[in-house]
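Next come the chains, spelled out residue by residue.
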Amino acid sequence: MRLRSGTRQKADDRPEAPAATPGLAVELRGVRRRYGRGPGAVHALAGVDLALPRGTFTAVMGPSGSGKSTFLQCAAGLDQPSAGSVYLGGTEITGMSENRLTELRRSRLGFVFQAFNLLPSLTVEQNVLLPLRLAGQRQDRRRAAEVLARVGLADKARRRPGELSGGQQQRVAVARALVTGPDVIFADEPTGALDTGTAAEVLGLLRHAVDTPTGSGPQAGGGYAHGATVVMVTHDPAAAAWADQVLFLADGTFAGGLERGSAEQIAARMATLTARTGAMAGAAA
Ligand code: ADP
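Source: prediction; values computed, not measured.

What to know about the site of the ligand
The full set of residues close to the ligand is Tyr35, Val42, Ala44, Pro63, Ser64, Gly65, Ser66, Gly67, Lys68, Ser69 and Thr70. In the model, an oxygen atom of the ligand is placed 3.2 Å from a nitrogen or oxygen of the Ser66 main chain. Side-chain polar atom of Ser69 to an oxygen atom of the ligand: 2.7 Å apart, as the coordinates give it. Relative to its unbound accessible area of 560 Å², the ligand is 57% covered by the protein chains. Those elements that provide at least two residues to the shell around the ligand are β2 (42-53) and α1 (68-75). Tallying contributions element by element places α1 first for the shell around the ligand, with 3 residues. By residue class, the composition of the shell around the ligand is 4 nonpolar, 6 polar and 1 charged.

Okay, here's the thing in structure tokens:
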């Protein structure tokens, strides 16, 4: 087999994608996701490139239909792009078998959803330990106590989710997302169901997780040599203001960004973008 310079060859002789960039937790290269075929096809993602270093907090915003959910699904290996490559923690996930993807999601990704998604019949501690259980790892109760303490719920380990407030339930979900020391935590509208004060508490916890190294790295004792890496989809400028950078999606591509903006700055940028996208949609109609 002849090796071309700069590319490695797979057994079937197709050139393999170049290796992931070192130091990045999330990398997307030319990611496209098309729904349907022919003239009626929808290009939900129309060529997305992204490089997020470890230990960073990124918010993704955009008008309804701009591709936020599709982006999150493709970036987290819940959906396969039609073209392009996704790397998580240095591993290419595009083209992985469903079994390997499931395994990777369980052991190396954390998820926080708008609706908390805790199992009501399990205790708080059991919910937090669930990712370790599903990944076939030791259910380390000390580790559960540690992450519950980090989210301020050390005394709630034996409670059931139904006995907690919405904000407390979302803090359990954050603890659950932290427990494996994942490469990336994906958060989908994590404050959508919370009031402003409680939302700020939850965002403060995510911010703290990003800012605080807790160990020797993902997978090694469940901590981070850098802080955690968080990618959060939100429509709330106040939530996005907790991030290091805000990226704006419009019509399936990143249409700009903002470093550490205030809620007002982010809202203003969103308004401009939405007006421009609306004008384009109007012109196309
Ligand atoms: P957002 O989360 O920003 O509202 P989505 O990622 O849900 O945007 O959708 C982006 C585009 O893709 C929209 O035009 C939407 O209608 C379309 N879309 C999303 N999912 C599907 C699907 N399963 N089938 C067809 N079109 C879809």
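Some words on helix α6 (residues 196-211)
Along an α-helix, residues three or four apart share an orientation, since each turn contains 3.6 residues. The end-to-end C-alpha separation of α6 is 22 Å, in line with the 22 Å expected for 16 residues at 1.5 Å each. Listed as buried for α6 are Thr198, Ala199, Val202, Leu203, Leu205, Leu206, Arg207, Ala209 and Val210. The elements touched by buried residues of α6 are β3 (57-61), α4 (141-150), α5 (166-178), β8 (230-233) and α7 (237-240). N-capping of α6 is provided by Asp195, with a side-chain oxygen placed 3.1 Å from the backbone N of Gly197.

Remarks on empty space enclosed by the protein
Rolling a probe over the atoms, with the probe sized like a water molecule, indicates the empty space that remains. If you walk through the whole model with that rule in mind, you get 2 cavities of 30 Å³ or more. Of the volumes computed, that of the second largest cavity is approximately 30 Å³. In terms of lining residues, the second largest cavity is bounded by Cys74, Gly77, Asp79, Gln80, Pro81, Ile93, Thr94 and Leu101. Taken together, the residues of the lining of the second largest cavity break down into 4 nonpolar, 3 polar and 1 charged.

What about the confidence of the model for the protein?
When pLDDT is low, close inspection of the predicted coordinates is not appropriate. Summing up the model confidence of the protein, the mean pLDDT is 89 and the portion of residues at 70 or higher is 89%. Mean pLDDT across the elements of the protein ranges from a minimum in helix α8 (residues 263-284), with 79, to a maximum in β8, with 98. Predicted confidence is poor over residues 1-12, with pLDDT under 50, and the contacts of this stretch with residues over four places away or in other chains come to 16 contacts.

As for the sheet that holds strand β5 (residues 91-92)
Within the open sheet, the 4 strands sit side by side as β2-β1-β4-β5. Their pairing is antiparallel. At either end of the open sheet lies a strand with only one pairing partner, and these are β2 and β5. α1 rests against β1 (24-35), β2 and β4 (83-88) of the sheet, and its axis sits at about 125° to β1.

Cut-off values and rules
Residues numbered from 1 in each chain as written. Predicted model: local features only at pLDDT ≥ 70, side-chain atom pairs only at ≥ 80, totals over all residues. Heavy atoms only, no water. Near = heavy atom within 4 Å. Polar contact = N/O pair within 3.5 Å; in protein donor to acceptor, adjacent residues only side chain to side chain. Areas by Shrake-Rupley, 256 points an atom, 1.4 Å probe, with all protein chains shown as cover. Helix = DSSP H or I, 4+ residues; strand = E, 2+ residues; numbered from the N terminus. Nonpolar A, V, L, I, M, F, W, Y, C, P; charged D, E, K, R; others polar. Expected span 1.5 Å × (residues − 1). Buried < 20%, exposed > 50% of the residue type's maximum accessible area, 1.4 Å probe, protein only. Contact = heavy atoms within 4.5 Å. 1 Å grid on protein atoms, 1.4 Å probe; cavity = no way out; pocket = protein on both sides within 12 Å on 5 of 7 lines; lining within 4 Å. Points joined across faces, edges and corners; volume = space filled by probe spheres on them. pLDDT = per-residue confidence, 0-100. Pairing = 2+ DSSP bridges. Axes fitted to C-alpha atoms, helices over the stretch in contact; angles between N-to-C directions.

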